[in-house]
Structure formats: structure tokens, C-alpha cells
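The chain contents come next:
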Amino acid sequence: MNPEQLTEKIIRIAREAGDFLHEQRKSFRPEDIVEKGKYDYVSHIDRDTERMLVERLSALVPEAGFISEEGQAEYNGEEYCWIVDPLDGTTNYIHDFAPYCVSIALRKGDAMLAGVVYEVCRRECFHAWKGGGAYLNDKRICTSQTTDMDKSFIGIGLPYDYKKYRPLADDIIPRFYGSSAGIRLSGAAAANLCYVAAGRYDFWFEACIKCWDFAAGALIVSEAGGVVSGFDNNREIAASHHIVASSNKTLHGKVLEMLSGYVQDIL
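Here is what the cut-offs are and how they apply
- Residues numbered from 1 in each chain as written.
- Predicted model: local features only at pLDDT ≥ 70, side-chain atom pairs only at ≥ 80, totals over all residues.
- Heavy atoms only, no water.
- Helix = DSSP H or I, 4+ residues; strand = E, 2+ residues; numbered from the N terminus.
- Rg over C-alpha atoms; globule rule 2.2 N^0.38 Å.
- Buried < 20%, exposed > 50% of the residue type's maximum accessible area, 1.4 Å probe, protein only.
- Contact = heavy atoms within 4.5 Å.
- Lys, Arg positive; Asp, Glu negative; His and termini not counted.
- Charge placed at Lys NZ, Arg CZ, Asp CG, Glu CD.
- Phe/Tyr/Trp six-rings, centres within 6.5 Å; stacked < 30°, edge-to-face > 60°.
- Lys NZ or Arg CZ within 6 Å of the ring centre and 35° of its normal.
- Pairing = 2+ DSSP bridges.
- Axes fitted to C-alpha atoms, helices over the stretch in contact; angles between N-to-C directions.
- 1 Å grid on protein atoms, 1.4 Å probe; cavity = no way out; pocket = protein on both sides within 12 Å on 5 of 7 lines; lining within 4 Å.
- Points joined across faces, edges and corners; volume = space filled by probe spheres on them.
- Salt bridge = Lys/Arg side-chain N within 4 Å of Asp/Glu carboxyl O.

Caption draft 1: Structural context of the overall build of the protein chain. Helices and strands together make up the secondary structure of the protein chain, namely seven helices and 14 strands. At 17 Å, the protein chain has a C-alpha radius of gyration in line with the 18 Å of a compact globule built from 267 residues. By principal-axis analysis of the C-alpha atoms, the protein chain measures approximately 50 × 45 × 35 Å. Counting every position in the protein chain, which comprises 267 residues, the buried fraction comes to 54%. Partitioning the contacts of the protein chain with sequence separation of at least 6, the portion at a separation of at least 24 is 62%. Treating the 29 positive side-chain charges of the protein chain as one cloud and the 39 negative ones as another, the clouds have centres 3 Å apart.

Caption draft 2: Main features of the packing of aromatic side chains. Taken as a whole and judged by the stated rule, the model has nine aromatic pairs. Judged by centre distance (5.6 Å) and plane angle (40°), the ring pair of Phe 153 and Tyr 201 falls under tilted. Residue Phe 153 is located in strand β10 (residues 153-157), and its partner Tyr 201 is located in the loop between α5 (189-197) and β12 (203-207); the two are separated by 48 residues in the primary sequence. An aromatic cluster is built from Phe 126, Phe 153, Tyr 195 and Tyr 201, whose rings are joined through pairwise contacts. Sitting above the plane of the Tyr 93 ring, Arg 25 keeps its charged end 5.8 Å from the centroid. Here the guanidinium or amino end of Arg 107 rests over the ring plane of Tyr 75, the centre of that ring lying 5.5 Å away.

Caption draft 3: Structural detail: the sheet that holds strand β3 (residues 65-68). What the seven strands build is an open sheet, ordered β3-β4-β5-β6-β7-β8-β9; its pairing is mixed. One side of each edge strand has no neighbouring strand; the edge strands of this open sheet are β3 and β9 (139-141). Adjacent strand axes in the sheet meet at a mean angle of 20°, parallel and antiparallel pairs treated alike. Sitting on the sheet, helix α2 (residues 44-60) touches β3, β4 (80-88) and β5 (101-108), and the angle it makes with β4 is about 155°.

Caption draft 4: Spotlight on the sheet that holds β10. Spatially, the five strands line up as an open sheet ordered β11-β10-β12-β14-β13, and their pairing is mixed. Where the open sheet ends on each side, the last strands, each with one partner, are β11 (182-184) and β13 (227-230). Neighbour to neighbour, the strand axes of the sheet diverge by 15° on average, direction disregarded. Of the pairings in the sheet, the one linking β10 to β11 comprises three bridges and is parallel in character. Counterpart to Gly 155 in the pairing with β11 is Arg 184. Contacting β12 and β14 (242-246), α5 runs over the sheet at an angle of about 155° to β12. Taken strand by strand, helix α6 (residues 211-223) contacts β13 and β14, and its axis lies near 140° from that of β13.

Caption draft 5: Local environment of the layout of surface pockets. Approximately 490 Å³ is the volume attributed to the second largest pocket. For the second largest pocket, the lining is made up of 20 residues, of which Asp 110, Met 112, Ser 222, Arg 235 and Ile 237 are closest to its centre. The set of elements that each furnish at least two residues to the lining of the second largest pocket consists of β6 (111-119), α6 and β13. Ranked by residues supplied to the lining of the second largest pocket, first place goes to α6 with seven residues.

Caption draft 6: Summary view of the pattern of salt bridges. The tally for this structure, following the rule as stated, stands at nine salt bridges. Between Asp 96 and Arg 25 there is a salt bridge; the shortest N-O distance is 4.0 Å. Separated by 71 residues along the polypeptide, Asp 96 in the loop between α3 (90-94) and β5 and Arg 25 in helix α1 (residues 3-25) bring together distant segments of the chain. We note a salt bridge from Arg 51 to Asp 48, for which the minimum N-O separation is 2.8 Å. Taken together, the positions of Arg 51 and Asp 48, both in helix α2 and three residues apart, correspond to about one turn of that helix. If you follow the salt bridges from partner to partner, you end up with Glu 16, Glu 55 and Arg 56 in one network.

Rendered as C-alpha cells:
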């Protein structure tokens, strides 16, 4: 299995899914929305897109299982596993607000082989394969060289579970506000990881997210020269739910130090 050639095929599938999302958005209606949990939404478009991805990716690697947000296929311990988010940024999509994207990763055992994130609004395809570097629309990308916290442009994600994580939200913004060049909350974890990879963000973090949110993006950050870990600095992030991605090791250490007061409360 040639990882570069495989990634090219995944890119075509991700773009097809992105085109479907783009077309469906033109006729999207509020009554299409289902609330999975408080402020956590899904629609038939998420499920239709996932169904398309499962079909296409199954044909590409028939022996692979699936871990996907909408759960329309299964993982039963197969050597290969697709990790798929058909629509990362559903709330953005509902409100016709950028960004939102398709995220696809392929794992073999514990190693991530390939990752593709297609950001629909800007027609940007971020991709990487293990050992091959990271790319945006076929142009190689790398993380920023910023090491000073006060010069950092940062992204933050906040969990849906506002009751549990309200203390985090109340304190995390003040901790970084005034200590950085700017803070943004854009609402799409996979896209945010890719923005770190491309040097747009210097770092990004989010508590309480799932593997389909970060699997592809984490590989892209790593291949772009960045660092990804849990809030506890564990680099084995497959089972993590709290992710930090930074442009370099120096900045990563500073971010973790600033987050240290929250680790025991949320892990």
C-alpha cells in the first residue's frame, strides 16, 4: 500500500463529499436539524455524507473498519481503521458560517498512515501521509516559528457540555487574553488543527473532543513540524479527549504550563 498514492485517492473522496455538502447547503432548512444533546446538532446531511464516505472508503481499503461520528459503520479490531468525521463544524454549517470540513484518517494498528481534511468554504484540502510531510492544495506547509506567548495567535475550542466545563470556559479565556496576540473560536477542530499546520495559528487546544475530530488533523500538524499531545503532554493521543497542538516544542511547553491548573480537573 503506497501511502502517497492512497492519500491522493482519499483526497478525491474528501473533495467529492465536500462538494456534496456545498450543494446541500443551498437548500438546507432549519427543520433538517436534530439535537443530539444540548447545543450538539446533527442533520440528515451529516448522515448522508458519512454513508457516501463509508461506501467510497470501503471500496478503497475493503479490510478496514470504521470509527465515525454518526456510527454508520463499525470497527471490530481490524488492522486498518478509517476514522471519519463527515461534517466537522455542524453548528457552523447550520448557520452558513465558515469553517466546516470533511475529515478522514487511516490508521494501521496504533500508527496513523494518512490524513485528509477538506475545508469546504475555502476549497482548501490539507493532507499528509506518514513520513511524507504536510500539504495544502499540493503545496507543502509548515508550522510557524513563533516561540513567544505574547506574539502567538491562538485558537481555542469549547466543549458542548457547558455544565461540566463552564469553570474551564470562565477561566481559560482570561488566562490567555492579554497574554497573546489574539484568540479565536472558530468551531471546527479539524480545520483548526490544519490552521496550526499551515502557520495561521501558533497553537490551538480543546477539551472533550473525540478521535474523529482530531485524527487527521493531528497527523497533518505533526508532518508540518508541530507538536500534538494531550493536556498531560502524553503524545499517544489516540484515546485522548483533550488535545493541544502547537507549532513547536518550545511554545508547546509554555502552553501546557498555562493549562496545568486544569489538567486534574478535566482528565
